[in-house]
Amino acid sequence: MVTQVKKLSTIEKMICLKSVDIFEHATVEQLARIAGLSQEVDLASGETIYAEGQPSDALYFLLSGRILLEKSGTPAFEVNEGETFGTLAALDRQPHLYSAKAAGVAHILKLDTRDFHDLLSLDSGLALAVLRVLCRLIRSGRFAMS
């Protein structure tokens, strides 16, 4: 059984999201919209979030704990607090390249893929800010895990 973490207010979610790589350039208004659409999820150790090859239904933000990404059952990457995962699958609506499992108790924010796409299509400033960060992450080689 997972001990439930105190639920965050919208402002607390906004502060967490501001520290997440792909939303670091988002405005207060953009962060408020994202926070309002995101759901908190508590995960037990070893709990699967999504499986390799499964269609994407969300983009995830790790608030606390660690997430292990596996390829064909072999550990490939570790997601740390303040990082996103499931990003590529959420952006291109393709199946996940990795499986994601909680490596211990974890607390995440989940943003539905449709909501994420709606936000990007309605707010060109947010889309541009996300693209800038994605380009930087790709150039640095840090985006392989998404």
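None of these values were measured; they are calculated from a predicted model.

Chemist: Please clarify how the sheet that holds strand β8 (residues 106-112) should be interpreted in this entry.
Modeler: Sheets are built from strands paired through backbone hydrogen bonds, the pairs being either parallel or antiparallel. Spatial strand order, β1-β8-β3-β6: four strands in an open sheet with antiparallel pairing. Edge positions in the sheet fall to β1 (39-43) and β6 (84-85), since each of these pairs with one other strand and no more.

Chemist: Where do I start with the packing of helix α1 (residues 10-18) against helix α2 (residues 28-37) in this structure?
Modeler: Packed helix pairs are specified by the crossing angle of their axes together with the interaxial distance, meaning the distance between the axes. Contact pair α1 / α2: the axes reach a minimum separation of 9 Å and the direction vectors enclose 115 degrees. The angle between the axes of α1 and α2 places the two elements in the roughly perpendicular class. Considering only the axes of α1 and α2, their crossing is right-handed. Between α1 and α2, the contacting residues are T10, K13, M14, L17 and K18 on the first element and V28, L31, A32, I34 and A35 on the second. Split into classes, the residues belonging to the contact of α1 with α2 amount to seven nonpolar, one polar and two charged.

Chemist: When you look at the side chain of D123 in this model, what are you seeing that I'm missing?
Modeler: Mapped onto the secondary structure, D123 falls in the loop between α4 (113-122) and α5 (124-140). For D123, the side chain forms a polar contact with the side chain of R33, separated by 2.5 Å.

Chemist: Help me understand the sheet that holds strand β5 (residues 74-79), please; the structure alone is not making it clear to me.
Modeler: Taken together, four strands build an open sheet; the order of strands is β2-β7-β4-β5 and the sheet is antiparallel. For this open sheet the edge positions go to β2 (48-50) and β5, each flanked by a neighbour on one side alone. Going across the sheet, the axis of each strand differs from the next one's by a mean of 30 degrees, ignoring polarity.

Chemist: Please explain α5 as it appears in this structure.
Modeler: Residues three or four positions apart in an α-helix share a direction because the helix packs 3.6 residues into each turn. When the terminal C-alpha atoms of α5 are compared, their 24 Å separation across 17 residues agrees well with the 24 Å that a helix rising 1.5 Å per residue should span. Where α5 is concerned, the buried positions are L126, A127, A129, V130, V133, L134 and L137. Along the axis of α5, the buried positions cluster into a sector of 160 degrees, meaning they face one direction only. α5 presents S124 and R139 as exposed residues on the side facing more than 90 degrees away from its buried surface. Tucked inside the fold, the buried residues of α5 contact α2, α3 (87-92) and α4. Taking the backbone nitrogen of G125 as reference, a side-chain oxygen 3.1 Å away marks D123 as the first, capping residue of α5.

Chemist: Just to check I follow, could you spell out the packing of α4 against α5 for this structure?
Modeler: Between α4 and α5, the shortest axis-to-axis distance is 5 Å and the interhelical angle comes to 110 degrees. Regarding the angle of α4 to α5, the classification is roughly perpendicular. Only S124, L126, A127 and V130 of α5 make contact with α4, whose side of the interface consists of L119, L120 and L122. For the contact of α4 with α5, a count of residues per class yields six nonpolar, one polar and no charged.

Criteria and thresholds
- Residues numbered from 1 in each chain as written.
- Predicted model: local features only at pLDDT ≥ 70, side-chain atom pairs only at ≥ 80, totals over all residues.
- Heavy atoms only, no water.
- Pairing = 2+ DSSP bridges.
- Helix = DSSP H or I, 4+ residues; strand = E, 2+ residues; numbered from the N terminus.
- Axes fitted to C-alpha atoms, helices over the stretch in contact; angles between N-to-C directions.
- Parallel < 35°, antiparallel > 145°, perpendicular 65-115°, else oblique.
- Left-handed = near helix turned anticlockwise from the far one by under 90°.
- Contact = heavy atoms within 4.5 Å.
- Nonpolar A, V, L, I, M, F, W, Y, C, P; charged D, E, K, R; others polar.
- Polar contact = N/O pair within 3.5 Å; in protein donor to acceptor, adjacent residues only side chain to side chain.
- Expected span 1.5 Å × (residues − 1).
- Buried < 20%, exposed > 50% of the residue type's maximum accessible area, 1.4 Å probe, protein only.
- Arc of directions from axis to C-beta.

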